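# Working through the structure, step by step
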Amino acid sequence: MLQKILLFTLLCLTQLQAAPQPNILFIYADDLGWRDTSFMGSDFYETPHLDQLADQGMVFTDAYSAAANCAPARAALLSGQYSPRHEIYNVGTRPRGQAKDRKLKHIPGVDTLRPDITTWAQQLQKAGYQTASIGKWHLSKDPIPYGFHHNIAGTHSGSPPKGYYPPHGKVPGLKNSPPGEYLTDRLNTEAIQFIKKNRDQPWMVYLTHFAVHTPLQPKKELLKKYQQKKKGKLHQNAIMATMIQAVDDGVGRLIQTLKDLKIEEQTVVIFYSDNGGYGPATDMAPLKGYKGTYYEGGIRVPLLIKWPGVVKAGSRSSIPVTGVDIYPTLCEIAAAQLPEQQILDGLSLVPLLQGKPHETLQNRPLFWHFPAYLQSYGGANNNLEQRDPLFRSRPCSIVRLGNWKLHEYFEDGGLELYNLKDDIGESNNLAQKKPVKSKQLHQLLKDWRKKIKAPVPTKKAAENPPSQ
Ligand SMILES: [Ca+2]
């Protein structure tokens, strides 16, 4: 009898200590800038539901995307690898801008995530999760083979193929959209339905909004409100404000769904953006630059993680983290295995979420590699491009270590060194004044490129075929 009681007690303890598998709601905004929410300092956009999540979770003030534009950022997110491993360097593989303006032949890379790369979604599936990709995919024709049971609206397209209003043509899952339905609202509804259907098992929703990517199309019923609202010093665009509010309203609906289903305490919510804001419509000040540049405005993004029972409400971390960290983080949260045969470049953020010090996370360098070109917006937006009216980015590599950040531009070997603690706007290039620091970071960057076999463009652009 005693043995039976002991065994029963042991079983109960084992169950209590068993690795829980929380649900994961991963909300990925597109082109949402570092300051485009109230909790990050917008003086015009309204995001009360996201602000509440920020109060309940941890905000990473120095969170980065692994790339300054959509496809490479998403490839890093899904693969857990820096760009030289997955080889998605840009949106598409064609050279950007005018051939006469490019000094180097760019590295085209590939435009599809290689099927031999194992995604975190596949690892979560193996761990028993029901997985859904709802919204923008961008890495192939179809997310299903990459570890998702369910796909709504995911195609190779990087923007809503038919815009934010129906008809959506042959876009998966959107054939019967009622007239006037705003796409962001529809994606939130799809996520809610998936969550309700799978409430009794661990689920992971990759809610990858097209918002707030172009085309800039307002949620019509909100437009008047923002047109009549006093403009902010930082932000003024009423259309953008409606697009952001639609994302935030959806957050409110999703959280209410979790409450109604009584699963809020068993659900981790992550909110993140794939790159900096769209220059002509928003502003990341005091950061320099915007989507497509490797200044802070192009790569530093909002990131918050709410994990009931683990993350201390209202906590903040200024430790630099980046897109490749999400893969091991998701796997650790889900008690899923890491892939055996695949190198992962990031680190799990779980120790930070638990409030534990972590020397490696605190002291490691972060890297970016962009061996291609991104043309400027051109035309009326040229006031945004005083540094380089032709290109948002020319071929470059970047490293951040502690407060220091070094850019290397391959066309002329130009180095730019900034101390982000004193100069978050990257206005004072210290490469000449701090030669020792400059050399140290440059060596670190070169060693990393060698180790990861990063291709550096060296051929003259004359060998480029004529561009579009
Ligand atoms: Ca994007």
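Residues numbered from 1 in each chain as written. Predicted model: local features only at pLDDT ≥ 70, side-chain atom pairs only at ≥ 80, totals over all residues.

Our next topic: the domain arrangement of the protein chain. Partitioning the protein chain into structural domains gives domain 1 (20-81 + 117-356) and domain 2 (364-468). Domain 1 and domain 2 are separated by 27 Å when their C-alpha centres are compared. If you look at the interface, domain 1 gives 19 residues, while domain 2 gives 17 residues. The residue makeup of the side of domain 1 that touches domain 2, split by class, is 12 nonpolar, five polar and two charged. (Domains from an automatic or database assignment. Contact = placed C-beta atoms within 7 Å. Nonpolar A, V, L, I, M, F, W, Y, C, P; charged D, E, K, R; others polar.)

Moving on: helix α10 (residues 326-333). Summarising burial for α10: seven of the eight residues are buried, a large majority. Taken residue by residue, α10 has I326, Y327, P328, T329, L330, C331 and I333 as its buried positions. Looking at the buried residues of α10, the elements they touch are β1 (23-29), α3 (70-79), α5 (120-126), β6 (267-273) and α11 (350-353). Looking one or two residues past α10, A335 carries a phi angle of roughly 55°, positive in sign. (Buried ≥ 20, exposed ≤ 12 C-beta atoms within 10 Å, placed from the backbone. Helix = DSSP H or I, 4+ residues; strand = E, 2+ residues; numbered from the N terminus.)

To continue, consider the nonpolar core. Core analysis: the largest hydrophobic core is formed by 121 residues, its most contacted members being I134, A191, V205, L207 and L330. Looking at this core, you find at least three residues from each of domain 1 (20-81 + 117-356) and domain 2 (364-468). Setting aside its immediate chain neighbours within four residues, L207 contacts L25, F26, I27, Y28, I134, G135, L187 and A191. (Core = buried A, V, L, I, M, F, W, Y, C linked by C-beta atoms within 7 Å.)

Another point: unusual backbone geometry. The omega angle of the peptide bond from A211 to V212 is 10°, so this bond is cis rather than trans. Tracing the backbone through its elements, the reader meets V212 in the loop between β5 (203-208) and α7 (220-228). Omega for the bond connecting T214 with P215 falls within 30 degrees of zero, at 5°, which places this linkage in the cis form. With respect to the helices and strands, P215 occurs in the loop between β5 and α7.

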